[in-house]
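# Understanding the architecture of this molecule
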Amino acid sequence: MHFTLEVLSNTRKFFKKYLETLSLEDLNKIPEGFNNNIIWNVGHILVTQQLLAYKLSGLPMMVSDTLIAKYMKDTKPEGFINQQEVDEIKELLFSTIEKTKEDFNNGLFKNFKEYTVSTTGNTLTTIDEAFQFILFHEGMHLGYVMALLRGVKN
């Protein structure tokens, strides 16, 4: 599990780079042919990790109900995201992963409520499976962000 969480942490460095180097306009732009934007994708991976790891384990999440409502599955960008929210998401990218590593090492993920993910149809039955799916999910959205970036810059 240590390796999975390290890869997750390294993957999030790419998302952080986009948050630090792109303008607010670029982060919020929805290019033609797309239904969301870069900041939505980053918020979405953050919220999804919390829901799959923490909520399904019956543990308190580190993201607000407001962020969950804006970025959970089946949502889409509803308005311009300001710099304050971008900064909040950027900070949470790593504080949540560090806390997750700590909580995992301290054995907090004891209970896990089975959940079938709509993306692949797989049923997650353990926290280990949840982390494997989270890693896949974030990699998929990283690719989507890269495609969005091409659309934003054209």
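For the structure itself, consult the block above.
Right, let's walk through the structure included here. All residue numbers refer to position in the chain's written sequence, counted from 1. For a predicted model such as this one, the threshold for reporting local features is a pLDDT of at least 70, and the threshold for listing and counting side-chain atom pairs is 80 or more; totals across whole chains, interfaces and linings nevertheless cover every residue. Processing note: side-chain calculations cover all non-hydrogen atoms of the structure and skip hydrogens and water entirely.

## Quick word on the overall build of the chain
Within the chain, the regular secondary structure consists of six helices and two strands. The helix count covers DSSP runs of H or I at least four residues long, the strand count covers runs of E at least two residues long, and both are numbered beginning at the N terminus. Along its sequence from the N terminus, the chain presents helices and strands in the succession α-α-α-α-α-β-β-α. Taking the principal axes of the C-alpha coordinates as reference, the chain spans close to 45 × 30 × 30 Å. To sort residues, take the accessible area from a 1.4 Å probe on protein chains only and compare it with the maximum for the residue type: under 20% means buried, over 50% means exposed, and anything in between is partly exposed. Out of the 154 residues belonging to the chain, those deemed buried represent 46%.

## Details of the layout of surface pockets
To find leftover empty space, one rolls a probe the size of a water molecule over the atoms. Approximately 460 Å³ is the volume attributed to the largest pocket. Cavity and pocket criteria rest on a 1 Å grid covering protein atoms alone: a 1.4 Å probe that fits but cannot get out defines a cavity, protein on both sides within 12 Å along at least 5 of 7 lines defines an open pocket, and an atom within 4 Å of a point defines a lining residue. Along the walls of the largest pocket sit 20 residues, with His-44, Thr-48, Leu-51, Lys-73 and Tyr-115 positioned nearest its centre. No other element matches helix H3 (residues 38-54), which puts six residues into the lining of the largest pocket. Grid points are joined across faces, edges and corners, and a volume is the space filled by probe spheres set on the points.

## What to know about the nonpolar core
By nonpolar core we mean a set of buried residues, namely Ala, Val, Leu, Ile, Met, Phe, Trp, Tyr and Cys, connected to one another through side-chain atoms within 4.5 Å. Counting residues in hydrophobic clusters, the biggest one holds 28 residues, and the most contacted among them are Leu-19, Ile-38, Ile-39 and Tyr-71. Only helix H1 (2-21), helix H2 (24-28), H3, helix H4 (65-71), helix H5 (83-105) and helix H6 (127-153) provide two or more residues apiece to this core. No other element matches the seven residues that H3 contributes to this core. Working rule for contacts: check all heavy atoms of both residues, and any pair within 4.5 Å makes them a contact. Not counting the four nearest positions on each side in its chain, Leu-19 is found in contact with Leu-27, Ile-39, Val-42, Val-86, Ile-89, Lys-90 and Leu-93. Residues Leu-5, Leu-52, Ala-53 and Phe-109 belong to the second largest nonpolar core, which totals 17 residues.

## Here we look at the packing of aromatic side chains
Each pair of aromatic rings taken from Phe, Tyr and Trp, with Trp reduced to its six-membered ring, is defined by centres within 6.5 Å and is described as stacked if the planes are under 30 degrees apart, edge-to-face if over 60, and tilted in the remaining cases. Counted under the stated rule, the structure contains six aromatic pairs. Three or more aromatic residues joined by ring pairs make a cluster, and in this case those are Tyr-54, Phe-104, Phe-109 and Phe-131.

## Observations regarding the environment of Phe-136
Tracing the backbone shows Phe-136 in helix H6. Residue classification places Phe-136 among the partly exposed positions, given a relative accessible area of 40%. It is 9.3 Å that separates the C-alpha atoms of Phe-136 and Leu-8, two residues lying 128 residues apart in sequence. In contact with Phe-136, other than residues within four places in its own chain, are Thr-119 and Thr-120.

## So, the pattern of salt bridges
By convention in these notes, a salt bridge is any Lys or Arg side-chain nitrogen within 4 Å of a carboxyl oxygen on Asp or Glu. Inspection of the entire model under this criterion finds eight salt bridges. When salt bridges that share partners are traced, they join Glu-6, Glu-98 and Lys-101 into one network.

## What about H3?
Owing to its 3.6 residues per turn, the α-helix brings residues three or four apart onto one side. Given a rise of 1.5 Å per residue, 17 residues ought to cover 24 Å, and the 24 Å separating the end C-alpha atoms of H3 matches this to within 8%. With 16 of 17 residues buried, H3 lies mostly within the body of the structure. Two or three places before Trp-40, at the opening of H3, Asn-37 has a side-chain oxygen 2.8 Å from that residue's backbone nitrogen. An expected span of 1.5 Å times one less than the residue number is assigned to each helix. Here a polar contact means two N or O atoms within 3.5 Å. Within protein one must be a hydrogen donor candidate and the other an acceptor candidate, and residues neighboring in sequence count only if both atoms are side-chain atoms.

## Focus on unusual backbone geometry
In most cases, non-glycine residues show a negative phi, while peptide bonds are predominantly trans. Residues other than glycine seldom take positive phi values, yet Asp-74 does so here, at roughly 70°. Summarising the element assignment, Asp-74 is placed in the loop between H4 and H5.

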